[in-house]
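Architecture at a glance
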Amino acid sequence: MMQRVYFDWNATAPLLPEARAAMIAALETTGNASSVHAEGRAARAIVERARAQVAALVGVEPKQVTFTSGATEANMLALTPHLETGEERAPRDRLFVSAVEHPSVICGGRFAPGASETLAVDADGIVDLAALGAALSRAQRPLVSVMLANNETGVIAPIRRVAEIVHAAGGLLHVDAAQAPGRIRCRMDELHADLMSISAHKLGGPQGVGALIRRADLHVADPLVKGGGQERGLRAGTENVAAIAGFGAAAGMAAAADATRMAALRDRLEAGILAATPEAIIVGAGAARLPNTTLVLVPGMKAETALIAFDLNGIALSSGSACSSGKVRASHVLAAMGFAPPLARAALRISLGRSSQEAEVDRFLETWKMVVRPLLSKEGRELAA
Ligand code: PMP
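Residues numbered from 1 in each chain as written. Predicted model: local features only at pLDDT ≥ 70, side-chain atom pairs only at ≥ 80, totals over all residues. Heavy atoms only, no water.

What follows is about the domain arrangement of the protein. Per the domain assignment, the segments making up the protein are domain 1 (5-13 + 257-384) and domain 2 (17-254). Relative placement of domain 1 and domain 2: their C-alpha centres are 28 Å apart. Taken residue by residue, the interface counts 28 residues in domain 1 and 30 residues in domain 2. Taking both partners together, domain 1 and domain 2 bury about 2,300 Å²; carbon and sulfur atoms supply 54% of that area. Counting across the domain 1 and domain 2 interface gives zero salt bridges. Of all the secondary structure elements, the ones that give two or more residues to the side of domain 1 that touches domain 2 are α9 (259-276), β12 (293-297) and α11 (332-336). It is α11 that contributes the most residues to the side of domain 1 that touches domain 2, three residues altogether. Of the residues contributing to the side of domain 1 that touches domain 2, the split by class is 16 nonpolar, nine polar and three charged. (Domains from an automatic or database assignment. Contact = heavy atoms within 4.5 Å. Buried area = accessible area lost by both parts, 1.4 Å probe. Salt bridge = Lys/Arg side-chain N within 4 Å of Asp/Glu carboxyl O. Helix = DSSP H or I, 4+ residues; strand = E, 2+ residues; numbered from the N terminus. Nonpolar A, V, L, I, M, F, W, Y, C, P; charged D, E, K, R; others polar.)

See the structure below:
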């Protein structure tokens, strides 16, 4: 059977062996982490060990970590007017999100529809800092959400500068960092974020678990899931101990991922694409980017058709983000960056990971040479000319 090449790590990363082992061990432990008996305490110990591993990954104290069902839920939990800090208890009056955010942020969280605004981005998908400053003057207690690394393009936002502007305006900053850990440094103390969402399955942990990280003195006064008071009252429901254990183990392995090696593979891949199809556009090529992500547009290529051709040749890719693939609609990220719909529909995302191999890149490039040229329409060739 043909060996598959998996180049869709931004959709989900393969489960790390260490995460699998931690999950299996946790599955063999009976006990509710809230029970006081020995079995319950054993489950609690697994959860708290994982919390410490996740906390270490992002440079916070374990009590600042709240486990959720993933980054989507962490985003929804964070994006509420009811955030209280030592100095400010009144509700946040306005939410500002960048136009390239994940749909779970773009939808405005738990703010009333009229109380949330989308901020324009530049051609690299970076939020316009001058526009941000001006927008913040329209609110008294703003909450801002800007992602650390874009899931479609891999472009990294200047979060420190965003944080300075937001804080100078009396605002709070939430950062969706789902795509960052294991690829770039992602520490709350360095980013100066007030809230940060992460997801286990992007870094080699299981799907269906993530975390919201909070500044130590920030309280989410309006939990999304209310009930039995788990997670310090912030997220009710019996903890998914096995998934949390896998998340912790994956977090513990993140520092060992070799970003330089990943970037070298990515560069080899992009050079090969440009050599074979000089009209191809690597989105965000001039910006700071994740070491694993390439979003490439070839004028005249239909991404959906290309995806199928690559899949039939044993290679898993994505068109735009996984959440929007399957639907024939141009990516909101590329639209916000100023790409016209026909070009945006020509976007293929290739995302590698820590165990990707040079031989896989070379097989991808051979397939690229074979499948892409015949897919280019006459209209596309004219566009490219
Ligand atoms: N934010 C970003 C930037 C993402 O890439 C994703 C996953 N596609 C999410 C949030 C949602 O994460 P999860 O799958 O854990 O809900």
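A few words on the sheet that holds strand β5 (residues 116-119). Strand order in this open sheet of seven strands is β2-β9-β8-β7-β6-β4-β5, and the pairing throughout is mixed. A strand with exactly one partner marks an edge of an open sheet, and here the two such strands are β2 (65-68) and β5. Ignoring strand direction, the axes of neighbouring strands in this sheet form an average angle of 20°. In this sheet, strand β8 (residues 195-199) lies alongside strand β7 (residues 172-176) in parallel orientation, the contact comprising three bridges. Within the sheet, the bridge partner assigned to Val175 lies in β8 and is Met196. In the packing of helix α2 (residues 38-58) onto the sheet, the strands contacted are β2, β8 and β9 (210-214), and the crossing angle to β2 comes to about 115°. Sitting on the sheet, helix α3 (residues 71-78) is in contact with β2, β6 (142-145), β7, β8 and β9, with an inclination near 165° to β8. (Pairing = 2+ DSSP bridges. Axes fitted to C-alpha atoms, helices over the stretch in contact; angles between N-to-C directions.)

A word on the site of the ligand. As a structural note, the neighbourhood of the ligand is formed by 14 residues, with Thr72, Asp176, Gln179, Ser199 and Lys202 the closest of them. A distance of 2.7 Å is found between an oxygen atom of the ligand and a side-chain nitrogen or oxygen belonging to Ser199. Here an oxygen atom of the ligand and a side-chain polar atom of His201 are 2.8 Å apart. Out of a free accessible area of 400 Å², the ligand has 89% covered by protein chains. At three residues, the largest contribution of residues to the shell around the ligand is made by α3. For the shell around the ligand, a count of residues per class yields four nonpolar, eight polar and two charged. (Near = heavy atom within 4 Å. Polar contact = N/O pair within 3.5 Å; in protein donor to acceptor, adjacent residues only side chain to side chain. Areas by Shrake-Rupley, 256 points an atom, 1.4 Å probe, with all protein chains shown as cover.)

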